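Each chain, written out:
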Amino acid sequence: MRLNKLFASMLLVGASFSGNGWAESFQPFEVTDIQVEGLQRVALGAALLSLPVKVGDTVDQLKLQQAIKSLYASSNFENVQVSRDGGVLIVSVRERPTISAVTFEGNKDIKDEQLQESLDGSGVKVGEALDRTMLSGIEKGLQDFYYGVGKYGAKVEAQVINLPRNRVELKFKFTEGLAAEIRQINIVGNERFSDADLIGMLELKDYVAWWDLFGERRYQKQKLQADLETIKTHYHNNGYIRFKVTSTQVAMTPDRKGLYITINVDEGDQYKVKEVNLTGELMGREELLKGILPIKAGEQYNGADVTFTEEMYSKYLGRFGYAYPEVKTFPEIDDETKEVTLNVNVKPGKRVYVRSINFTGNTVTKDEVMRRELRQMEGAWLNSALVEQSKARLNRLGYFETVDTETVQVPGTDDLVDVAFKVKEQPSGSFNAGVGYGTESGLSLQFGVQQSNFLGTGNQAGINLNTNKYSKNVNLSYTDPYFTKDGVSLGGSIYWNEFDANEANLERYKNSSYGIALNSGFPINEYNRINGGIGYRHNTISEISSYEQAIRFYNIYRDSDDPNSDLSFDNFELSLGWYRSTLNRGTFPTDGSSQRLSGKITVPGSDLQYFKTDFDTSFYWPLTRSHKFVLLTRARLGYGNGYGGFNENDQILPFWENYYSGGSSSLRGFKSNSVGPRAFYLYRGSEPCSPNPDGEGCSLPGDPNQVYISSGRSIGGNAIATASMELIVPTPFLDEAYSNSVRTSFFIDAGNVWDTEFDYDSYRFLPADEFSKLADYSDPSRIRASWGLSLQWLSPMGPMVFSLAWPVKEYDDDETEIFSFNIGKTF
């Protein structure tokens, strides 16, 4: 007959048998068999392995206690009971239920993914057994998290919903409540710096201005710890090496909606540097290392200078293959003299060589395309400067959104490493076929393929057919940037274009052109390159309006036998350019500069003889270490003119080669191509007229006082000067993951276009009020300016630019526009 002697969880918690009468009656016995009841998910073998009792063992009270504890420790059971039937040991168990689902309800401040990640660390996830004893601890941990972000009214409740087949759904219900706001921050003990100075450095705020839409007074424990470090760093950087935060109190208001933070500090005294000693293994370069030391005796102690010195020496050693140097500074503080002796200890470690260089993340770009940009070589010692230079060159390709490097030590060695480049590719071209619209181009239709990384080879190829309201063009191009292994490029293009100036916000004319061009580039050094090219171009000019500037050009080249015919020109062009770039990225750079000087000239004997020169420069100045705030300055200068003569006339720059300004790519806030000289017409009465060759008046008879001017649209000029300053800022409401594809900036644009060859004297016969209308045609001082906001997006269709701009300096008849958008280049 079974003896129902139960030894359950009382034994596990150390309960005594003396109070229930079983201790006196229990007698040890020999186990002849073991039976386990209640198993469902757990295998019998697994249960027996957790049981420290075997057939043939003699068990007593202590042995049964150990058996029960061992079964509970296996984490498979939530209830264990033992009984005896003669020599048979009977173990009755109830398995822990299996978690079938984990759900969350009411959580807003914490995402489901974050909660699940936290639970995974505690072993609470679907498919695992549920340990009910852990739930209260999990509830408390989640509540503590809410307390850490200032939500002291938050509550967390774990609910277990039983399901068939010993399964459960685990539901966490959150009542977050309102976050407690910081009512006041007090700093006690500061004398050298005011409360306003110190509180202004903190990320936590007890006051937010009405216009600060993103500011908040919400308390977060992690931010407080960071703010304490900020205060400490500020004091150390100003010589207070003994500064310390003695205590911090966070007091809550009775309604649990407000907090008072008190920070107690001990400033100490200000110290100066007595001397700086270099110790350790200096590799015979002690004088050089001392020469570049930024800290001098007698200067005020500065913790930032100490950190900079350690980093600088580490980078210096990294250039010579010492990948893991230790540079530490040990201060000796003299409290009597208020001086600090800095002992900088240098341990270069062992010189390290590169075994291999590996690439990951490049699904399109071939390894060889990336490898040819490297300056760190396999088999050479590791040079940190060359690794960074290689990273910068990969970034400047424009194929990658991010480029990261990692140095991995080869297992089992202390002098070999592998260098890993991890890239995230971005679209380096586009396949387009569709309909678009821009404030400058109007409705556009396009079809084409443009690739700056054609089939992952790094070659640039394109075929494009585009049409919009003012232009139709077809272009086929191909460039191999590494035609030779030394980086000499070779490329060419064939093109056809029709341009309607009237639809481009210019005075009316049409230009049909086609041509072919070859170009090549030669690297001078790491940052400089020379480009050259030769080409042939045919132009046909038709439907020219009879404005004065066009008539001047038309009179030089027209066919006297057919004065109303179209003008056609065949020109052979030579081009030469210099390009320099230290930009850290090919698209959306945040550091470095670029300069481009280019020129082209038609060779003597061409139908038209002219030249053009252009200079563009850009500087990116990061204002923060994270490069989230960047100052961009840009400028452009351009000049063109004719040379030689034709039919006893001086050659001039063709008007279709003029410079233009205004629009999203230059002077924002002004309509596209609208800035600068305008076309004008001379009339005597209702009849058009032109100046006499002697400049005395119009060629028609009559009263010269009746001559007047009628202005038309912009026609551009042969000289341009523009400049811009932009503050690049983080894009609001946008995840940081998109920072490399979206850019927001505030800008100021200024510039002008003018005509250096305009002959005022030819129009002195005009009445004074009419002559004054010509003031804008060759005056470089008539500068326009605007300010505004720009948003750029590297969309799947190409880079898109949106601008809001307001002119701050404009002249009569200027055409302005506040909003513009277009598909164009990025800055």
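The protein goes by Outer membrane protein assembly factor BamA in an unreviewed UniProt entry, where it is assigned to Shewanella algae. If you open the UniProt record of the protein and go to Subunit (unreviewed entry), you find "Part of the Bam complex."

Undergrad: I tried to follow the overall build of the protein on my own but got confused; where do I start?
TA: Scanning the protein from N- to C-terminus turns up 14 helices and 38 strands. The burial tally for the protein puts 43% of its 827 residues in the buried class. Once local pairs closer than 6 in sequence are excluded, the contacts in the protein between residues at least 24 apart make up 61%. As displayed, the protein offers around 42400 Å² of accessible surface, 53% of which is attributable to carbon and sulfur atoms.

Undergrad: Is there a simple way to think about the nonpolar core in this case?
TA: With 24 residues, the main nonpolar core has Y509, F553, F569 and W656 as its most contacted residues. Counting only elements with at least two residues in this core, the list comes to α13 (548-557), β25 (567-581) and β31 (678-684). For this core, the element with the most residues is α13, which contributes five residues. Here F569 is in contact with R537, H538, N539, I541, F553, Y557, D607, L608 and W656, once residues within four sequence places are set aside. Counting residues in hydrophobic clusters, the runner-up holds 22 residues, among them Y271, L293, V306 and V327.

Undergrad: What am I meant to see in the environment of I818 here?
TA: Note on placement: I818 falls in the loop between β37 (798-809) and β38 (819-823). Residues I818 and F670 lie 148 residues apart in sequence; the distance between their C-alpha atoms is 7.8 Å. Sequence-distant contacts of I818, defined by excluding residues within four places in its chain, comprise S803, L804, A805 and W806.

Undergrad: Before we go on, may I ask you to explain the sheet that holds strand β17 (residues 416-425) in this structure?
TA: Across a sheet, paired strands are connected by hydrogen bonds in the backbone, their directions being either parallel or antiparallel. Within the open sheet, the three strands sit side by side as β15-β17-β16. Their pairing is mixed. Each end of this open sheet is capped by a strand with a single partner; those strands are β15 (353-360) and β16 (400-409). Pairwise comparison of adjacent strand axes, ignoring direction, gives a mean angle of 20° for this sheet. Judged from the nine bridges that link them, β16 and β17 form a sheet pairing that is antiparallel. Looking at the pairing, E406 lines up with A420 of β17. Contacts between helix α12 (residues 384-396) and the sheet are confined to β16 and β17, with β16 contributing the most and set at about 155° to the helix.

Undergrad: In this structure, what is going on with the layout of surface pockets? I would like to understand it.
TA: A water-sized probe, rolled over the atoms, reveals where empty space remains. Estimates place the volume of the second largest pocket at around 1300 Å³. In this structure, the second largest pocket is lined by 35 residues; those nearest its centre are T590, R625, S626, H627 and K628. When residues of the lining of the second largest pocket are traced back to their parent elements, those giving at least two are α10 (303-318), α12, β16, β34 (719-729) and β35 (742-754). Its residues assigned to classes, the lining of the second largest pocket comprises twelve nonpolar, ten polar and 13 charged.

Undergrad: How do you make sense of the packing of aromatic side chains when you look at a structure like this?
TA: Given two aromatic rings, one states the distance between the centres and the angle between the planes to describe the pair. Across all of its chains, the model carries 27 aromatic pairs by this definition. Here K612 stacks its cationic end above the ring of Y659, 4.5 Å away from the centre of that ring. Just above the ring of Y811 sits the side chain of R782; from NZ or CZ to the centre is 4.2 Å.

Undergrad: Sorry if this is basic, but what is going on with the pairing of strand β8 (residues 167-175) here?
TA: Both strand β6 (residues 98-105) and β8 contribute to a ladder of seven bridges, which runs parallel. Bridge pairing in β8 links V102 to L170. Of the strand pairs in this sheet, strand β7 (residues 155-163) and β8 are connected by nine bridges, and their pairing is antiparallel. Opposite V156, over in β8, you have F174 as the bridge partner. In textbook terms, the turn of a hairpin is the stretch between consecutive antiparallel strands, and for β7 and β8 this stretch comprises three residues, one of which, R165, has a positive phi near 60°.

Undergrad: Teacher, can you tell me more about empty space enclosed by the protein here?
TA: Summed over all chains, the structure comprises three cavities of 30 Å³ or more. What the largest cavity holds in volume is close to 50 Å³. Each residue belonging to the lining of the largest cavity can be placed in one class, and the counts come to six nonpolar, two polar and one charged.

Undergrad: Looking at this structure, how should I read the sheet that holds β6?
TA: Within the open sheet, the three strands sit side by side as β6-β8-β7. Their pairing is mixed. On the outer flanks of this sheet lie β6 and β7, each paired with one strand and no other. The average undirected angle you get between the axes of adjacent strands in this sheet is 20°. Seen against the sheet, helix α5 (residues 112-121) touches β6 and β8 and runs at an angle of roughly 140° to β6.

Undergrad: Any chance you could explain the environment of R242 here in plain terms?
TA: Looking at the secondary structure, you find R242 in the loop between α8 (221-237) and β10 (244-252). Owing to a relative accessible area of 40%, R242 belongs among the partly exposed residues under this scheme. Sequence spacing of R242 and D335 is 93 residues, and the spatial spacing of their C-alpha atoms is 9.4 Å. With near-sequence residues (within four places) excluded, R242 lies in contact with D266, E267, Y271, I333 and D335.

Thresholds applied
- Numbering of residues begins from 1 in every chain and follows the order in which that chain's sequence is written.
- Predicted model: local features are reported for residues with pLDDT of at least 70 only, side-chain atom pairs are reported and counted for 80 or more only, and whole-chain, interface and lining totals are derived from all residues.
- Working from all heavy atoms in the structure, the side-chain values ignore hydrogens and water.
- UniProt positions are given in the numbering used here, feature names are shortened, and annotations may be inferred rather than shown by experiment.
- Helix numbering and strand numbering both begin at the N terminus, where a helix is a DSSP run of H or I of at least 4 residues and a strand a DSSP run of E of at least 2.
- Type-normalised accessible area, obtained with a 1.4 Å probe on protein chains alone, sets the label of each residue: buried when under 20%, exposed when over 50%, and partly exposed for intermediate values.
- Working rule for contacts: check all heavy atoms of both residues, and any pair within 4.5 Å makes them a contact.
- Note that accessible areas follow from Shrake-Rupley with a 1.4 Å probe, and for residues the cover is restricted to the protein chains shown.
- Each nonpolar core is a collection of buried residues, namely Ala, Val, Leu, Ile, Met, Phe, Trp, Tyr and Cys, held together in the definition by side-chain atoms within 4.5 Å.
- Pairing between two strands is assigned when DSSP locates at least 2 bridges connecting them.
- Fitted lines through C-alpha atoms give the axes, limited to the stretch in contact for helices. The angle between two N-to-C directions lies from 0 to 180 degrees.
- The way it works is a 1 Å grid over only the protein atoms, where trapped points that fit a 1.4 Å probe form a cavity and open points with protein on both sides within 12 Å along at least five of seven lines form a pocket, and then any residue with an atom within 4 Å of a point lines it.
- Grid points are joined across faces, edges and corners, and a volume is the space filled by probe spheres set on the points.
- Three classes are used: nonpolar for Ala, Val, Leu, Ile, Met, Phe, Trp, Tyr, Cys and Pro, charged for Asp, Glu, Lys and Arg, and polar for all others, with Gly counted as polar.
- To pair, rings of Phe, Tyr and Trp, with the six-membered ring standing in for Trp, must have centres within 6.5 Å; the planes then decide the type, stacked if under 30 degrees apart, edge-to-face if over 60, and tilted in the middle.
- Only Lys NZ and Arg CZ are tested; either one counts as a charge over a ring when it is within 6 Å of the ring centre and within 35 degrees of the ring normal.

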